[in-house]
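# Secondary and tertiary structure notes
Residue-level listing of the chains:
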Amino acid sequence: TPQTIQRFQQVPSQQGQTSPLLQYFGILLDQGKLNKFESLELCKPVLQQGRKQLLEKWLKEEKLECSEELGDLVKQVDPTLALSVYLRANVP
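Below or above, wherever it landed, is the structure these notes cover. These numbers come from a predicted model, not from an experiment.

Bringing helix α3 (residues 36-48) into the picture now. Helix length check: α3 (13 residues) gives 19 Å between terminal C-alpha atoms against 18 Å at 1.5 Å per residue, within 8%. When α3 is considered as a whole, its buried residues turn out to be E38, S39, L40, E41, L42, C43, P45, V46 and L47. Its buried side turned inward, α3 meets α1 (2-10), α2 (20-31), α4 (52-60) and α5 (68-75). Its side-chain oxygen 3.1 Å from the backbone nitrogen of F37, N35 forms the N-cap of α3.

Okay, structure coming up:
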């Protein structure tokens with residue numbers, strides 16, 4: 001999986017179109033839950049684009065595997081949402 005994600009990250013995006021990486025993650029989300037690595041890699045560009053509402057949606061749908069690392073990433077944007085991630089990941 002990391003190799004596949006890396007390949008999609010290297011594909012240039014067309015102006016005004018969804019990036020190939022986000023299209024790939026969209027397909028994975030339609031099929032089920034993402035693993036820890038996929039969740040982190042998806043949330044990085046989504047949070048950079050200021051689309052926190054997508055992250056909230058996926059958390060409610062239990063599409064992401066929560067982890068301490070994901071919580072740390074989310075904390076930079078929304079400490080309250082990060083608390084939810086930490087709780088779901090059972091981080092002490």
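From this point, things continue past the structure.
On to the side chain of E38. Summarising the element assignment, E38 is placed in helix α3. In this structure E38 is buried but unpaired, with K33 as the nearest side chain of opposite charge at 10 Å. Contact partners of E38, with chain neighbours within four places excluded, come to T1, I5, Y24, F25 and L28.

On to the pattern of salt bridges, then. This model, assessed by the stated rule, comprises five salt bridges. The salt bridge involving K52 is made with E56; its shortest N-O contact spans 4.0 Å. Here K52 and its partner E56 are both found in helix α4, four residues apart, which amounts to about one turn of the helix. Assessed through its relative accessible area of 27%, K52 is described here as partly exposed.

Moving on: the packing of α4 against helix α6 (residues 79-88). At their nearest, the axes of α4 and α6 sit 12 Å apart, and the two run at 30 degrees to each other. When the axes of α4 and α6 are compared, the pair comes out roughly parallel. Considering how the two elements wind past one another, α4 and α6 form a crossing that is left-handed. Between α4 and α6, the contacting residues are K52, L55, E56, L59 and K60 on the first element and L81, V85 and R88 on the second. Residues belonging to the contact of α4 with α6 are distributed by class as follows: four nonpolar, no polar and four charged.

Parameters and conventions
- Residues numbered from 1 in each chain as written.
- Predicted model: local features only at pLDDT ≥ 70, side-chain atom pairs only at ≥ 80, totals over all residues.
- Heavy atoms only, no water.
- Helix = DSSP H or I, 4+ residues; strand = E, 2+ residues; numbered from the N terminus.
- Expected span 1.5 Å × (residues − 1).
- Buried < 20%, exposed > 50% of the residue type's maximum accessible area, 1.4 Å probe, protein only.
- Contact = heavy atoms within 4.5 Å.
- Polar contact = N/O pair within 3.5 Å; in protein donor to acceptor, adjacent residues only side chain to side chain.
- Lys, Arg positive; Asp, Glu negative; His and termini not counted.
- Salt bridge = Lys/Arg side-chain N within 4 Å of Asp/Glu carboxyl O.
- Axes fitted to C-alpha atoms, helices over the stretch in contact; angles between N-to-C directions.
- Parallel < 35°, antiparallel > 145°, perpendicular 65-115°, else oblique.
- Left-handed = near helix turned anticlockwise from the far one by under 90°.
- Nonpolar A, V, L, I, M, F, W, Y, C, P; charged D, E, K, R; others polar.

In short, geometric facts, not functional conclusions.
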